[in-house]
Amino acid sequence: MRELKVVGLDHDGKYIICEGEEPAEQFKLAADDRLRGVLRGEPLPPEHPQLDIEVRNMLSPKEIQAKIRAGASVEQVAAGSGSDVARVRRFAHPVLLERARAAELATAAHPMLGDGPSVLTLLETVSAALVARGLEPDRLSWDAWRNEDSRWTVQLAWKVGRSDNIAHFFYSPGAHGGTATAIDDAASELIDPDFERPLRPIARVAHIDFEVGVPPACGGDPKPEVTAPPEQPVHTRRGKPVIPAWEDVLLGVRSGGHR
């Protein structure tokens, strides 16, 4: 049975903080009225000869940093271990800076293509691919974490409308910025210079019909074609001659519509 040393209550008085053999190894006990009474030296009542105590292991600083370096967030580590968020954040801060620095360095790495590293950097390649797809490359989010094999995984996140998109690369530091290798299909598409996809929707061109024999006027709207009025019939359908109107007689218009 391990022996724990009582350090004191936490800031809100709900837990009793204990230490193991090393000060960095901490535990916390859910404190109730009976346990607080025992700490004050009060005897237990006869009906409670023993205490049912729930012990939660508080992660050591080294364990916290290992989880953060592997990609976990402060909130995830705190929720999974029962530790206080403020305590986890205090030990996680230097590792979060390390991850941010690795992500920044990875943007200057050169993507690995079929014939070797690209001349352009990862940031230049990704930005060009997104611009070609009609997206804004200045709204990118970079993150990085270290794998169990000590390699860095770099995550690129961007948003299109309401959809979230991510791509992952392996980052290998080295001369001239190192290299970045695509892990998933999204990453491969972004760095593939021969990847074919409709970059953006093409607007339909409006079709304008011109009348035959009427060329469009330069610098203005095409002039409408002037057509002669239809010939007036000389006879009606019943064979009777058409009687001209009195105005046509005064103007000298013949019954056939001609002067």
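See above for the structure.
Reference entry: report on the structure contained in this document. (Residues numbered from 1 in each chain as written. Predicted model: local features only at pLDDT ≥ 70, side-chain atom pairs only at ≥ 80, totals over all residues. Heavy atoms only, no water.)

With 21 residues, the main nonpolar core has Val-126, Leu-156, Trp-158, Phe-169 and Leu-190 as its most contacted residues. Contributing elements (two or more residues each) for this core: helix 4 (85-106), helix 5 (122-132), strand 8 (152-160), strand 9 (163-172) and helix 6 (185-191). Setting aside anything within four residues of it in sequence, one finds Phe-169 in contact with Leu-122, Trp-152, Thr-153, Val-154, Leu-156, Ala-180, Thr-181, Ala-182, Ile-183, Ala-187 and Ile-191. Of all hydrophobic cores here, the second largest spans ten residues; its members include Val-77, Val-88, Ala-92 and Val-95. (Core = buried A, V, L, I, M, F, W, Y, C linked by side-chain atoms within 4.5 Å. Buried < 20%, exposed > 50% of the residue type's maximum accessible area, 1.4 Å probe, protein only. Helix = DSSP H or I, 4+ residues; strand = E, 2+ residues; numbered from the N terminus. Contact = heavy atoms within 4.5 Å.)

Another point: helix 5. Taken together, the buried positions of helix 5 are occupied by Leu-122, Thr-125, Val-126, Ser-127, Ala-129 and Leu-130. Positioned one or two residues after helix 5, Gly-134 has a phi angle of 80 degrees, which is positive.

Where helix 3 (residues 74-81) meets helix 4, the closest approach of the two axes is 9 Å, and the angle between their N-to-C directions is 140 degrees. The orientation of helix 3 relative to helix 4 falls into the category oblique. Crossing angle aside, the handedness with which helix 3 passes helix 4 is right-handed. Contacts between helix 3 and helix 4 involve Val-74, Glu-75, Val-77 and Ala-78 on the former and, on the latter, Val-85, Val-88, Arg-89, Ala-92 and Leu-96. Its residues assigned to classes, the contact of helix 3 with helix 4 shows seven nonpolar, no polar and two charged. (Axes fitted to C-alpha atoms, helices over the stretch in contact; angles between N-to-C directions. Parallel < 35°, antiparallel > 145°, perpendicular 65-115°, else oblique. Left-handed = near helix turned anticlockwise from the far one by under 90°. Nonpolar A, V, L, I, M, F, W, Y, C, P; charged D, E, K, R; others polar.)

So, on to helix 4. End to end, helix 4 covers 29 Å across 22 residues, agreeing with the expected 32 Å (1.5 Å per residue, within 8%). Remark: the principal bend of helix 4, roughly 45 degrees, maps to Ala-92, with a proline, Pro-94, within the next four residues. Among the residues making up helix 4, those that are buried are Arg-87, Val-88, Ala-92, Val-95, Arg-99, Ala-102, Ala-103 and Ala-106. (Expected span 1.5 Å × (residues − 1). Bend = angle between axes of the 7 residues up to and from the residue.)

For the coordinates displayed, the defined rule picks out zero aromatic pairs. One residue, Arg-151, lies across the ring of Phe-170, its end atom 3.8 Å from the ring centre. (Phe/Tyr/Trp six-rings, centres within 6.5 Å; stacked < 30°, edge-to-face > 60°. Lys NZ or Arg CZ within 6 Å of the ring centre and 35° of its normal.)

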